[in-house]
Amino acid sequence: MSSQATLTGELSANGLLPQAWATSFTAIDRAEFVPAHCWANTLDGATEPLDREEDPARWEAAVYSDQPIVTQLDDGATTWPETSGNATSSASQPSLVLEMLDSLDIQDGDRVLEIGTGTGYNAALLAHRLGDSQVTTVEVDPDLTEQARAALLSLECRPTVICGDGGDGYLPNAPYDRILATASVLAGHVPTAWVEQVDVGGQILLPWKTMWGSGVLVRMVVKEDGTAVGPVLGDAFFMNLRSQRTPFGQAGKFGRLADEATDAPVSSTIVAPHEVAIDPDGAFTVGLHLADVQHSIAYEDPEHYELLLYQVNTGSWATVEVTAEHTAEGKFPVRQHGPRELWSEAEAAHNWWIAQGRPARTSYGLLVSGQQQSVWLNHPDNPVTGLI
Ligand SMILES: C[S@@+](CC[C@H](N)C(=O)[O-])C[C@H]1O[C@@H](n2cnc3c(N)ncnc32)[C@H](O)[C@@H]1O
């Protein structure tokens, strides 16, 4: 039988259990926070139901492994055991939970605000280490808030649990030393309430992304002048804050439009689609330039796929076809439709990336104040204008 000790042992053996969190991670049983009915992610981006009563071994194996567990689909409209690919809440991957807690350099005595209570598991870890009075957590979904409250209470854990929009922070318990967001923020839309509610020298850790989709983790420090500044640390893909969701299910619609537009003019490109959409550094930079554009990839096999770019407001789309032959030739057929020539925009962004020496995504950072939100490259004194 799996147990919290199984999970602790696995993470520890892989060097993924930070010393500062080892005691709390060992003490708080993840199973107390995962509902009996939940879903595992499948490789094709869908979900499959897990049932604690019917198949306890499979449920436990999932809960005590280093994987996220989906706990809500379509804001609760899809009810277990139905499935969909649209997870709206989950118990995050344990190693990522620990990585985020560790990255935030939380010190004993810190006052922490968590955005996105979800199951309450993260809040329990925080409260176990820091004490109930130091921890506030905000969840937008009333049902999830109630479930998290009940799970926390069953362990005698009593942080402040608020049902509301975490984008407002939670002023009554401010100021905080740390803010930990466990829902993603869209480029240009970091809530300024977070910056205002953190003490000077305090830190904010947030998943951040453009509509293009490459999610990263950013850690910012709040300065005396009221700005928050800090670098991209690495990758992290989270569901967006509820008010900042990108339109879901549009890839299928635009894919059909592109399939039907047999008369769309065909041109060609010598820019490798792989570097625009798949290479994590290239795709991140392209995403900064095309912050309101979405993309998807339909694979026949790893060497044969179609890249689709689409922009919902203008109805613009573009496709690039990749085959082994096109790759060998270094030339790919392109179709573009609509007021925005999306592939031409992506090419320009890619050229800019090359001209900058192909910067890694971790070469960038964010600056956020009440007046502006901008991206910098290599150093906060080097803002890149015209992005996000
Ligand atoms: C990945 S889950 C959080 C996992 C959670 N920290 C845990 O330990 O289980 C993201 C959560 O953010 C919540 N959320 C989304 N938008 C929000 C908002 N504006 N304010 C507060 N919570 C929000 C979602 O409902 C979801 O429960």
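Since the model is a prediction, treat every value here as computed from it, not as a measurement.

A. The arrangement of the overall build of the protein in detail. Along the protein, the regular secondary structure elements total twelve helices and 20 strands. Over its C-alpha trace the protein gives a radius of gyration of 22 Å, about what one expects of a compact globule, namely 21 Å for 388 residues. Dimensions along the principal axes, computed over C-alpha positions, put the protein at roughly 65 × 55 × 40 Å. Every one of the 388 residues in the protein was classed for burial, and the buried ones make up 51%.

B. Quick look at the sheet that holds strand S17 (residues 332-337). Strand order in the open sheet made by the five strands is S13-S17-S16-S15-S14, with antiparallel pairing throughout. Single-partner strands in this sheet number two, and they are strand S13 (266-269) and strand S14 (294-301). Each strand of the sheet is rotated relative to its neighbour by a mean of 25°, with strand direction disregarded. Sheet topology note: the S13/S17 ladder contains four bridges and is antiparallel. By the bridge assignment for S17, serine 268 is matched with proline 333. Across the sheet, helix H8 (residues 250-260) touches S14, strand S15 (304-311), strand S16 (316-322) and S17, and the angle it forms with S15 is around 105°.

C. Expanded view of the sheet that holds strand S3 (residues 69-73). One open sheet accounts for four strands, arranged S2-S1-S3-S4; its pairing is antiparallel. For this open sheet the edge positions go to strand S2 (47-51) and strand S4 (87-91), each flanked by a neighbour on one side alone. On average, each strand axis in the sheet is inclined to that of its neighbour by 45°, with strand direction left out of account. In this fold helix H3 (residues 56-63) packs onto strand S1 (37-41), S2 and S3, with an angle of close to 120° to the strand it touches most, S2.

D. Broad picture of the site of the ligand. Neighbouring the ligand are 24 residues; Ser89, Glu114, Thr119, Glu139 and Gly166 lie closest to it. At a separation of 2.9 Å, a nitrogen atom of the ligand approaches a polar backbone atom of glycine 116. Contact with the protein chains hides 98% of the accessible area of the ligand, taken as 610 Å² for the molecule alone. Taken together, the elements giving at least two residues each to the shell around the ligand come down to S4, helix H5 (121-130) and strand S6 (135-139). Considering every element that reaches the shell around the ligand, the biggest residue donor is S4, with four residues. Here the residues of the shell around the ligand sort into eight nonpolar, twelve polar and four charged.

E. Summary view of the pairing of S1. Here S1 runs beside S2; their pairing, made up of five bridges, is antiparallel. Of the residues in S2, the one forming a bridge with cysteine 38 is leucine 50. Hairpin connection between S1 and S2: a loop of five residues separates the two successive antiparallel strands, and glycine 45 in this loop has a positive phi of roughly 85°.

F. Spatial organisation of a negative patch on the surface. Taken together, the side chains of Glu300, Asp301, Glu303, Glu321 and Glu325 make up a negatively charged region of the molecular surface. Residue position: glutamate 325 is located in helix H11 (residues 324-329). Overall, glutamate 325 belongs to the exposed group, its relative accessible area being 59%.

G. Geometry of the pairing of strand S12 (residues 228-235). Two strands pair when backbone bridges link them, and strand S11 (residues 216-222) and S12 are joined in this way by five bridges, in the antiparallel orientation. Residue valine 221 lies in a different strand from S12, and its bridge partner there is valine 229. As consecutive antiparallel partners, S11 and S12 are separated by five residues, and within that stretch glycine 226 has a phi angle of approximately 85°, a positive value. Bridge count for S12 against strand S18 (residues 364-368) is four bridges, and the pairing is antiparallel. Looking at S18, one finds that valine 229 is bridged to leucine 367.

H. Geometry of the nonpolar core. In this structure, Phe25, Leu101, Ile106, Leu125 and Leu126 are the most contacted members of the largest nonpolar core, which totals 43 residues. Every element with two or more residues in this core is listed here: helix H1 (4-13), helix H2 (19-27), S1, H3, helix H4 (94-103), H5 and helix H6 (142-154). With near-sequence residues (within four places) excluded, phenylalanine 25 lies in contact with Gln4, Leu7, Thr8, Leu11, Leu17, Pro94, Leu98, Tyr121 and Leu125.

Rules used throughout
Residues numbered from 1 in each chain as written. Predicted model: local features only at pLDDT ≥ 70, side-chain atom pairs only at ≥ 80, totals over all residues. Heavy atoms only, no water. Helix = DSSP H or I, 4+ residues; strand = E, 2+ residues; numbered from the N terminus. Rg over C-alpha atoms; globule rule 2.2 N^0.38 Å. Buried < 20%, exposed > 50% of the residue type's maximum accessible area, 1.4 Å probe, protein only. Pairing = 2+ DSSP bridges. Axes fitted to C-alpha atoms, helices over the stretch in contact; angles between N-to-C directions. Contact = heavy atoms within 4.5 Å. Near = heavy atom within 4 Å. Polar contact = N/O pair within 3.5 Å; in protein donor to acceptor, adjacent residues only side chain to side chain. Areas by Shrake-Rupley, 256 points an atom, 1.4 Å probe, with all protein chains shown as cover. Nonpolar A, V, L, I, M, F, W, Y, C, P; charged D, E, K, R; others polar. Patch = residues over 30% accessible without salt bridge, like charges linked within 9 Å, V, L, I, M, F, W, Y side chains within 5 Å. Salt bridge = Lys/Arg side-chain N within 4 Å of Asp/Glu carboxyl O. Lys, Arg positive; Asp, Glu negative; His and termini not counted. Charge placed at Lys NZ, Arg CZ, Asp CG, Glu CD. Core = buried A, V, L, I, M, F, W, Y, C linked by side-chain atoms within 4.5 Å.

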